[in-house]
Amino acid sequence: MRKILIINGHPDKESFNFALSKSYKLGAEIKEINIRELNFNPNLQFGYRKRTELEPDLLDAQDKIKWANHLVWIYPVWWSSVPAIMKGFLDRILLPGFAFNKRKDSLWSDKCLTGKTARLICTLDQPAWYYKWMYRNPSHNAMKKGTMNYIGVKKVRITTIGPIRLSKEEFRIKWLKKVERLGEMNK
């Protein structure tokens, strides 16, 4: 059985993203991280110049990421990016020595989280085709190529759901069922 970790990046527990998380995990033993519930400073205060000690919730999150072989990221796309709290979470936990190692006297890094796969489930307030053709999927590229691939997660699939704003109940129910099937396929 695959070890699945669901990471929800939406700051509002009443959001459709939390319903998507629940649908994905039906009938499975998986671990979860709801970033909104973590107690941490999202600011990488000194960049990589000086290490900021990780709070217990972030150490636990790193343990869960190490444990998992499949990461499911569920989040809204805001301003063509991830929510601020999720960006702060990424900045704080994907550190040298955990997610990658800098090579001495080189611009390149070694990936530390190889052998994992990921699924990004992203909600939009616009049609997915519009986001792709008009903006060229900036948040998808940042998460897939600039983050997941950079740390060693090679097989990354993306599910884009939109528009959520003004969507009807049948649209949302259809997507909850699709996400449930995605979860079933990964167990």
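See the structure printed just above.
In this text, all values refer to a predicted model and were calculated from it rather than measured experimentally.

A. Spotlight on helix α6 (residues 169–185). Over its 17 residues, α6 runs 25 Å from end to end, which matches the ideal 24 Å to within 8%, given 1.5 Å per residue. Restricting attention to buried positions, one finds in α6 the residues W175, V179, L182 and G183. What you see down the axis of α6 is that its buried residues fit within an arc of 95 degrees, all on one side. Of the residues in α6, the exposed ones pointing more than 90 degrees away from the buried face are E169, E170 and M185.

B. View of helix α3 (residues 84–93). Those residues of α3 not exposed but buried are M86, G88, F89, L90, R92 and I93. Buried residues along α3 sit in contact with β1 (4–8), β2 (31–34), α2 (56–67), β3 (70–76) and α5 (138–151).

C. Representation of the packing of aromatic side chains in the model. All chains considered together, the criterion is met by seven aromatic pairs. On the numbers, 6.0 Å between centres and 80 degrees between planes, the contact of Y130 with Y135 is edge-to-face. Classification of Y130 as partly exposed rests on a relative accessible area of 30%. Centroid distance Y131 to Y135: 6.3 Å. Interplanar angle 50 degrees. Geometry classified as tilted.

D. The nonpolar core, seen in detail. Formed by 36 residues in total, the largest nonpolar core has its most connected members in L71, W73, Y75, F89, M143 and M148. The dominant element in this core, judged by the number of residues it contributes, is α3, at four residues. Leave out the neighbours within four places in its chain, and W73 touches I7, M86, F89, L90, R119, L120, I121, M143 and M148. If you look at the next biggest cluster of nonpolar residues, it comprises 14 residues, including Y24, I74, I121 and W175.

E. Summary view of the packing of helix α1 (residues 16–24) against α6. It is at 7 Å that the axes of α1 and α6 come closest, and there the two elements cross at 40 degrees. Taken together, the axes of α1 and α6 lie oblique to each other. With respect to the hand of their crossing, α1 and α6 are arranged in right-handed fashion. Residue-level inspection shows F16, A19, L20, S23 and Y24 of α1 in contact with α6, the latter providing R172, W175, L176, V179, E180, L182 and G183. Looking at side-chain class alone, the contact of α1 with α6 contains eight nonpolar, two polar and two charged residues.

F. The packing of α2 against α3, seen in detail. Their axes nearest at 10 Å, the elements α2 and α3 cross at an angle of 80 degrees. When the axis of α2 is compared with that of α3, the two are roughly perpendicular. Every residue of α3 that contacts α2 at L58, A61, Q62 and I65 is listed here: F89, R92 and I93. The class makeup of the residues in the contact of α2 with α3 is five nonpolar, one polar and one charged.

G. Structural context of a positive patch on the surface. Taken together, the side chains of K174, K177, K178 and R181 define a basic patch exposed on the protein surface. Residue placement: R181 occurs in helix α6. Overall, the relative accessible area of 49% leaves R181 in the partly exposed class.

H. Spatial organisation of the side chain of S139. Summarising the element assignment, S139 is placed in helix α5. When residues no more than four places from it in sequence are discounted, the contact partners of S139 are Y75, V77, S80, S81 and Y131.

Definitions and cut-offs
- Residues numbered from 1 in each chain as written.
- Predicted model: local features only at pLDDT ≥ 70, side-chain atom pairs only at ≥ 80, totals over all residues.
- Heavy atoms only, no water.
- Helix = DSSP H or I, 4+ residues; strand = E, 2+ residues; numbered from the N terminus.
- Expected span 1.5 Å × (residues − 1).
- Buried < 20%, exposed > 50% of the residue type's maximum accessible area, 1.4 Å probe, protein only.
- Arc of directions from axis to C-beta.
- Contact = heavy atoms within 4.5 Å.
- Phe/Tyr/Trp six-rings, centres within 6.5 Å; stacked < 30°, edge-to-face > 60°.
- Core = buried A, V, L, I, M, F, W, Y, C linked by side-chain atoms within 4.5 Å.
- Axes fitted to C-alpha atoms, helices over the stretch in contact; angles between N-to-C directions.
- Parallel < 35°, antiparallel > 145°, perpendicular 65-115°, else oblique.
- Left-handed = near helix turned anticlockwise from the far one by under 90°.
- Nonpolar A, V, L, I, M, F, W, Y, C, P; charged D, E, K, R; others polar.
- Patch = residues over 30% accessible without salt bridge, like charges linked within 9 Å, V, L, I, M, F, W, Y side chains within 5 Å.
- Areas by Shrake-Rupley, 256 points an atom, 1.4 Å probe, with all protein chains shown as cover.
- Salt bridge = Lys/Arg side-chain N within 4 Å of Asp/Glu carboxyl O.
- Lys, Arg positive; Asp, Glu negative; His and termini not counted.
- Charge placed at Lys NZ, Arg CZ, Asp CG, Glu CD.

Keep in mind these values describe shape, not function.
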